Amino acid sequence: MFVQRTTSARKGGKTYVSFLVRESFRTPKGPRSRTVCNITGLPAATRELIAASLQGQTCLAVKQCQLHEALDYGGLVVLNEAWRRFGLQELLAGLGSERQRGLLKAVIFSRLLFPCAKLSLAPQAQGTWLAQACGLAADESFAEDDLYYAMDQLNGHWADLEKRLYARAFPQAVRLVLYDLTSVYFEGHGPRSLARYGYSRDHRGDRPQILLAVATDTEGVPLHVAVLRGNRADARTLQGLLRVLRRRFGITEATFVFDGGLSGRLNLAALAEAGLGFVTRLSAATLKGLAAELGLEKQLELGDRQGLLEITHEGKRYVVAGGRWRQQRDQDRRQSRLAKAEAALQRLATRQRRKVDAPKLASQAGRTLERLKAHKYFTYQVDAATGQLKWERRAELIEQEAQLDGWYLLHTNEPEARCSKAQVLNHYKGLLEVEEAFCELKSYLEVRPVYHRRPDRVINHVRLCFLAYWLSARLGREWRAKGEKEEVPRILRQLQTIRVGRLKLGAEVHQTMMTQIPKPLNDQLRKLGLTALFAAPPKL
């Protein structure tokens with residue numbers, strides 16, 4: 001049977017359309033058809049359902065059609081393709097069993113997409129394509145102990161793995177190395193051999209911590225990570241890095257860029273002795289002392305603020321850099337501190353007291369100024385006779401400081417023929433990328449807080465985060481070349497909204513399907529050259 005559409009014309013120019021259900025049958029004279037019923041009076045949608053049904057198609061109510069076993073997919077397929085393309089599967093080939101390598105891969109992917117503790121990986125992985133992306137069974141348990149045993153496979157293999165990562169990321173020798181430190185605190189006591197109380201960059205001096213030392217290239221792709229005791233002095237970390245980079249990566253000619261906390265005399269001497277260049281930032285006190293020793297001509301040039309100022313003093317090369325924005329920032333910061341300090345001193349001076357204790361009042365004023373970082377701007381005293389707190393600004397010091405607003409001092413041993421003053425500044429600005437790398441390493445990947453108790457597992461936890469960051473940095477380097485400025489983890493998490501699943505019609509499960517990709521995401525995929533990954537859904 002079939003639905004036939006017929007038209008008939010009548011007098012007056014009117015045309016009538018009819019829909020008839022017809023049945024075919026055979027006769028001795030050949031095939032014939034007859035009308036079973038007239039469905040012209042039914043709604044158009046009903047007529048279409050009857051026609052489709054007669055053609056052998058199955059028709060179901062909309063509520064009986066659903067995407068079965070839908071999984072978050074987009075970010076994982078991008079990571080899986082990058083994992084294959086960067087050769088990480090081959091790098092990890094000698095570590096443990098195939099399942100343990102899959103679990104390591106799952107932990108690394110999870111750091112970028114949904115950072116969590118090992119205990120939380122199983123619930124976080126539910127509803128995602130993580131297990132299939134890592135070559136694991138769809139019902140993988142991600143048991144905590146299994147994840148720990150997989151992490152343990154890194155023991156004894158890391159130096160070789162890091163060396164091969166370097167070879168893949170940098171076919172040509174690295175000529176500029178950016179180096180910086182950060183701290184990561186523990187929840188609890190942490191391993192005795194690593195956890196120490198020290199200067200906390202997380203402002204958690206109440207927690208034992210470790211130090212992370214990371215070296216990267218100018219684009220933020222990491223070369224090396226080291227886990228150090230939490231009370232290690234910054235200046236005592238650089239020489240160990242130099243030995244590792246020379247022995248492990250063969251770096252014998254490079255320029256190192258690092259911040260002022262590492263620019264001790266012994267470190268600079270070690271770099272010079274090894275024939276390595278350096279660019280570092282020196283303290284404001286050093287800049288002030290150097291400015292005082294300059295001739296009048298250089299001091300006037302410093303005040304003009306027209307550009308970079310290069311100075312050679314006592315055989316050492318310096319570059320003074322800065323700008324109007326930094327000058328305004330320093331002025332606003334100082335004015336804010338002065339205003340807050342005077343308001344706090346005024347409150348102390350006008351407070352009603354039964355009896356004035358002059359030493360105590362002076363101590364309170366000093367502590368208040370220290371807390372507001374304004375102690376150097378004021379002189380103060382308590383009148384012994386009246387008990388009145390008096391203070392005044394140190395106008396000469398404030399004026400001297402204002403003359404250096406916006407400026408900072410860079411020091412290098414690179415000759416001008418090989419590194420101009422503009423290049424010195426650009427090298428130091430590249431260090432900001434390392435600081436951003438630390439923000440990404442600690443925020444997006446959530447290295448902190450650390451809950452492990454065994455030293456080797458603390459170190460392996462950091463190494464897995466390092467591998468996740470290495471993967472992210474390599475993708476970021478490719479995507480920046482295509483004009484993308486957004487962070488890689490943020491893009492990956494947006495792509496995770498693309499889902500795949502099986503189409504379920506009634507009680508039957510049919511082919512795999514992918515959700516429709518929104519236009520903004522589709523435009524971004526096209527920009528990054530990733531559309532081929534989403535041309536067809538995977539097999540589930």
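Fair warning: this is a prediction, and the values are worked out from it, not measured in the lab.

What counts and how
- Residues numbered from 1 in each chain as written.
- Predicted model: local features only at pLDDT ≥ 70, side-chain atom pairs only at ≥ 80, totals over all residues.
- Heavy atoms only, no water.
- Pairing = 2+ DSSP bridges.
- Helix = DSSP H or I, 4+ residues; strand = E, 2+ residues; numbered from the N terminus.
- Axes fitted to C-alpha atoms, helices over the stretch in contact; angles between N-to-C directions.
- Contact = heavy atoms within 4.5 Å.
- Parallel < 35°, antiparallel > 145°, perpendicular 65-115°, else oblique.
- Nonpolar A, V, L, I, M, F, W, Y, C, P; charged D, E, K, R; others polar.
- Buried < 20%, exposed > 50% of the residue type's maximum accessible area, 1.4 Å probe, protein only.
- Polar contact = N/O pair within 3.5 Å; in protein donor to acceptor, adjacent residues only side chain to side chain.
- Phe/Tyr/Trp six-rings, centres within 6.5 Å; stacked < 30°, edge-to-face > 60°.
- pLDDT = per-residue confidence, 0-100.
- Expected span 1.5 Å × (residues − 1).
- Arc of directions from axis to C-beta.
- Core = buried A, V, L, I, M, F, W, Y, C linked by side-chain atoms within 4.5 Å.
- Salt bridge = Lys/Arg side-chain N within 4 Å of Asp/Glu carboxyl O.

1. Brief notes about the sheet that holds strand β8 (residues 255-258)
The strand order β7-β6-β5-β8-β9-β14-β11-β10 describes an open sheet built from eight strands, whose pairing is mixed. Two strands bound the open sheet, and with one partner strand each, they are β7 (222-229) and β10 (309-313). Across the sheet, the axes of successive neighbouring strands diverge by a mean angle of 25°, strand direction being ignored. In this structure, strand β9 (residues 277-282) lies alongside strand β14 (residues 407-412), joined through four bridges in antiparallel fashion. Within β14, the residue paired with L282 across the bridge is L409. Sitting on the sheet, helix α9 (residues 238-249) touches β5 (176-185), β6 (209-216), β7 and β8, and the angle it makes with β7 is about 135°. Contacting β9, β10, β11 (316-322) and β14, helix α11 (residues 284-293) crosses the sheet at an angle of about 90° to β14.

2. Quick notes on the sheet that holds strand β2 (residues 15-27)
Strand order in the open sheet formed by three strands is β1-β2-β3, with antiparallel pairing between adjacent strands. The open sheet has two edge strands with one neighbour each: β1 (2-9) and β3 (30-38). Mean inter-strand twist for the sheet, computed between neighbouring axes without regard to direction, equals 45°. Here β1 pairs with β2 via eight bridges, running antiparallel. Residue pairing across strands places F2 opposite R22, the latter belonging to β2. Against the sheet, helix α1 (residues 44-54) contacts β1 and β2, and its axis sits at roughly 130° relative to β1.

3. Here's the deal with the packing of helix α7 (residues 144-152) against helix α17 (residues 455-481)
Two elements in contact, α7 and α17, have axes separated by 9 Å at closest approach and are oriented at 85°. Here α17 runs roughly perpendicular to α7, going by the angle between their axes. Here α7 contributes Y148, Y149, M151 and D152 to the contact with α17, which in turn contributes D456, R457, N460, H461 and L464. Here the residues of the contact of α7 with α17 sort into four nonpolar, two polar and three charged.

4. What to know about the side chain of T412
Mapped onto the fold, T412 is located in strand β14. A residue is classified by how much of its surface remains accessible, and T412, at 2% relative accessible area, is buried. Polar side-chain contacts of T412 include one of 3.0 Å to the backbone nitrogen of E414. Every residue in contact with T412, bar those within four places of it in the chain, is listed here: F278, V279, R317 and V424.

5. Examining the packing of aromatic side chains
Enumeration according to the criterion identifies eight aromatic pairs in this entry. Seen from their ring centres, W83 and F109 are 5.6 Å apart, and the 90° between their planes marks the pair as edge-to-face. Separated by 26 residues along the polypeptide, W83 in helix α2 (residues 74-85) and F109 in helix α4 (residues 98-113) bring together distant segments of the chain. Aromatic side chains Y408 and Y428 sit 5.9 Å apart centroid to centroid with 45° between the ring planes, which places their arrangement in the tilted category. Taken as a pair, Y408 in strand β14 and Y428 in helix α16 (residues 421-444) lie far apart in primary sequence, 20 residues in all. Judged by relative accessible area, which is 8%, Y408 ranks as buried.

6. Here's the deal with the environment of D405
Structurally, D405 is set in the loop between α15 (395-403) and β14. Residue class for D405 comes out buried when judged on its relative accessible area of 3%. For the pair D405 and F170, spaced 235 residues apart in sequence, the C-alpha separation works out to 40 Å. Within the structure, the side chain of D405 is placed 2.6 Å from the side chain of R334, a separation counted as a polar contact.

7. Observations concerning the confidence of the model for the chain
Counting all residues, the mean pLDDT for the chain is 86, and 92% of those residues have values of 70 or more. Within the chain, the lowest mean pLDDT, 59, falls on helix α12 (residues 296-304), and the highest, 95, falls on α2.

8. Concerning the pairing of β14
Burial analysis of β14 places six of its six residues in the buried class, the great majority of the element. Along β14, one buried face is formed by W407, L409 and H411 and the opposite face, lined by Y408, L410 and T412, is buried too.

9. Here's the deal with α9
With twelve residues, α9 extends 16 Å between its outermost C-alpha atoms, agreeing within 8% with the 16 Å of an ideal straight helix rising 1.5 Å per residue. Turning to α9, its buried residues number three or more, namely L238, L241, L242, V244, L245, R248 and F249. Seen along its axis, α9 keeps its buried residues to an arc of 165°; they face one direction. Along its buried surface, α9 packs onto α8 (158-169), β5, β6, β7, β8 and α10 (265-273). In the segment just after α9, G250 is the residue with positive phi, at about 70°.

10. Section: the nonpolar core
Judged by nonpolar contacts, the single largest core of 105 residues is most densely connected at L130 and F256. Once residues lying within four places of it in the same chain are set aside, the contact partners of L130 are L76, A106, F109, F114, L121, A125 and F142. Of all hydrophobic cores here, the second largest spans 17 residues; its members include L348, L361, L372 and L389.

11. Structural notes on the pattern of salt bridges
One pass over the full model with this rule turns up 32 salt bridges. For the salt bridge of D206 with R207, the shortest nitrogen-to-oxygen distance reads 3.2 Å. With a relative accessible area of 42%, D206 lands in the partly exposed category. We classify R207 as partly exposed; its relative accessible area is 24%. One salt bridge in this structure joins E310 and R317, with 2.8 Å as the shortest N-O distance. R317 shares its class with E310; the two are buried. Salt bridges linked by common partners bring E81, R84, R85 and E478 together as one network.

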